[in-house]
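# Tertiary structure, described
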Amino acid sequence: MAALILDGKALAMSREAELSIAVEELIRSGAKVPVLATILVGGDPASATYVQMKQNACRRVGMESVKVAMPESTTTEELLAQIDLLNKDPQVCGILLQHPVPEQIDERTCFDAIAIEKDVDGVTTKGFGLMSMQEQAFGSATPAGIMTLLAHYKVALSGKHAVVVGRSPILGKPMAAMLLNADATVTICHSRTQNLAELVAQADIVIGAVGKPELIKAEWIKDGAIVVDAGYHPGGIGDIDKTGLDSRVAALTPVPGGVGPMTINALISQTLDSARKDMS
Ligand code: NAP
């Protein structure tokens, strides 16, 4: 049987229709239009495209976005000052600092300067801690989007062995925590993992979050597994080699059209949640 396609693009579109209605209702109830502030530091074209896609999604659901573009030479102090301004701006209910920032900037310090109530991309240490402890917090957008996708397709997680390849602060680590919170048994792999192929072969659910084109080989993946590929590389290539997988795994995310649209959807959905909290 052909694998079920975990269609993030279609799900994001249908969720956008619901979000549009919710934004309209919020505004009708007297709230101001929710505003997401995006900060882009430097001129990386891929980052500029991602920020533009996030702004477009805001507009499609009736929210506003303001773009702060800072030069490549920006210092940590300059970026912190900008974040401080946005933290204090009552018009802004969410702040997105596009990752990665130029290397002279202390990205962790800048992420952590974002006010927790405006951390709609889920990048702060405090937000990660709260989420891990199953307290109220906005989840890191990419893993939060993946969890929504898996829930939509009713993928069972409890008791399953999930193998997350990658341990970055915005993707692998929060992904592992979310799966653990959903009662999966989680293995986290990284660049020092010695027996990657063997570990992946044990997975009921494989999450590719490694940032290297097709590093995870199709032949490692067992029949009937759920395959989630967060990677995106030029030419529509992911972190997982999909050769022959569609005839033997249970489900898989396409690249593009799987995880990417769900990341943006998680961001705008959490921006709306932040605007709602502002009202209460
Ligand atoms: P990252 O910060 O570069 O982290 C990559 C992780 O992979 C690290 O933990 C690294 O291990 C691990 N790794 C590298 N080489 C490895 C190897 N040979 N074997 C096992 N593990 C290895 O990347 P990221 O930001 O998490 O992104 C990962 C992927 O997701 C990228 O393809 C990126 O484009 C994609 N992404 C997609 C979205 C989206 O919206 N769709 C959003 C964010 C990221 P160490 O920790 O040991 O270095």
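Residues numbered from 1 in each chain as written. Predicted model: local features only at pLDDT ≥ 70, side-chain atom pairs only at ≥ 80, totals over all residues. Heavy atoms only, no water.

- The protein chain appears in an unreviewed UniProt entry as Bifunctional protein FolD from Marinomonas sargassi.
- According to the UniProt record, the Pathway (unreviewed entry) comment for the protein chain reads "One-carbon metabolism; tetrahydrofolate interconversion."
- On record in UniProt, under Sequence similarities (unreviewed entry), the comment for the protein chain is "Belongs to the tetrahydrofolate dehydrogenase/cyclohydrolase family." (UniProt positions renumbered as here; feature names shortened; annotations may be inferred.)

## Quick notes on the sheet that holds strand β6 (residues 185–189)
- Pairing in this open sheet of six strands is parallel, and the strands run β1-β9-β8-β7-β5-β6 from one edge to the other. Of all strands in the sheet, those with a lone pairing partner are β1 (4–5) and β6, marking the two edges.
- When strand β5 (residues 161–165) meets β6, the two strands line up parallel, connected through five bridges. Following the sheet pairing, H161 is matched in β6 by T185. (Pairing = 2+ DSSP bridges. Helix = DSSP H or I, 4+ residues; strand = E, 2+ residues; numbered from the N terminus.)

## Description of the pairing of strand β7 (residues 205–208)
- Across the two faces of β7 the burial is the same, with I205 and I207 and V206 and G208 all buried.
- Sheet topology places β5 next to β7; four bridges connect them, and they run parallel. The partner of V165 across the bridge, within β7, is G208.
- Strand direction decides the pairing type here: β7 and strand β8 (residues 226–229), joined by four bridges, are parallel. Pairing of I205 across the sheet is with I226, part of β8. (Buried < 20%, exposed > 50% of the residue type's maximum accessible area, 1.4 Å probe, protein only.)

## Some details on empty space enclosed by the protein
- Taken as a whole, this structure holds one cavity of 30 Å³ or more when the rule is applied.
- Its volume calculated, the largest cavity comes out at about 30 Å³.
- In terms of lining residues, the largest cavity is bounded by G122, G127, F128, M131, F138, G139, S140 and P174.
- When residues of the lining of the largest cavity are assigned to their parent elements, the largest contribution, three residues, is made by helix α5 (residues 125–132). (1 Å grid on protein atoms, 1.4 Å probe; cavity = no way out; pocket = protein on both sides within 12 Å on 5 of 7 lines; lining within 4 Å. Points joined across faces, edges and corners; volume = space filled by probe spheres on them.)

## Some thoughts on the UniProt feature "binding site: NADP(+)" (unreviewed entry) in the protein chain
- Listed under "binding site: NADP(+)" (unreviewed entry) in the UniProt record, and renumbered for this structure, are G166, R167 and S168. Of the annotated residues named above, the ones that line the largest pocket are S168.
- Residue position: G166 is located in the loop between β5 and α7 (172–181).
- Excluding anything up to four places from it in sequence, G166 contacts G172, I188, C189 and A209.
- One can find R167 in the loop between β5 and α7.
- Take R167: its relative accessible area is 38%, and that puts it in the partly exposed class.
- Once residues within four sequence positions are removed from consideration, R167 is found in contact with G172, K173, I188, C189, H190 and R192. (Contact = heavy atoms within 4.5 Å.)

## Some words on the site of the ligand
- Residues in close proximity to the ligand total 23 residues, the closest being R167, S168, S191, A230 and T263.
- With respect to the ligand, the backbone of H190 contributes an N or O atom lying 3.3 Å from a nitrogen atom.
- Contact between the ligand and T263: an oxygen atom at 2.9 Å from a side-chain N or O atom of the residue.
- In isolation the ligand has 920 Å² of accessible area, and contact with the protein removes 71% of it.
- Among the detected pockets, the ligand sits in the largest pocket.
- The residue makeup of the shell around the ligand, split by class, is nine nonpolar, eleven polar and three charged. (Near = heavy atom within 4 Å. Polar contact = N/O pair within 3.5 Å; in protein donor to acceptor, adjacent residues only side chain to side chain. Areas by Shrake-Rupley, 256 points an atom, 1.4 Å probe, with all protein chains shown as cover. Sits in = over half its atoms within 2 Å of the grid points. Nonpolar A, V, L, I, M, F, W, Y, C, P; charged D, E, K, R; others polar.)

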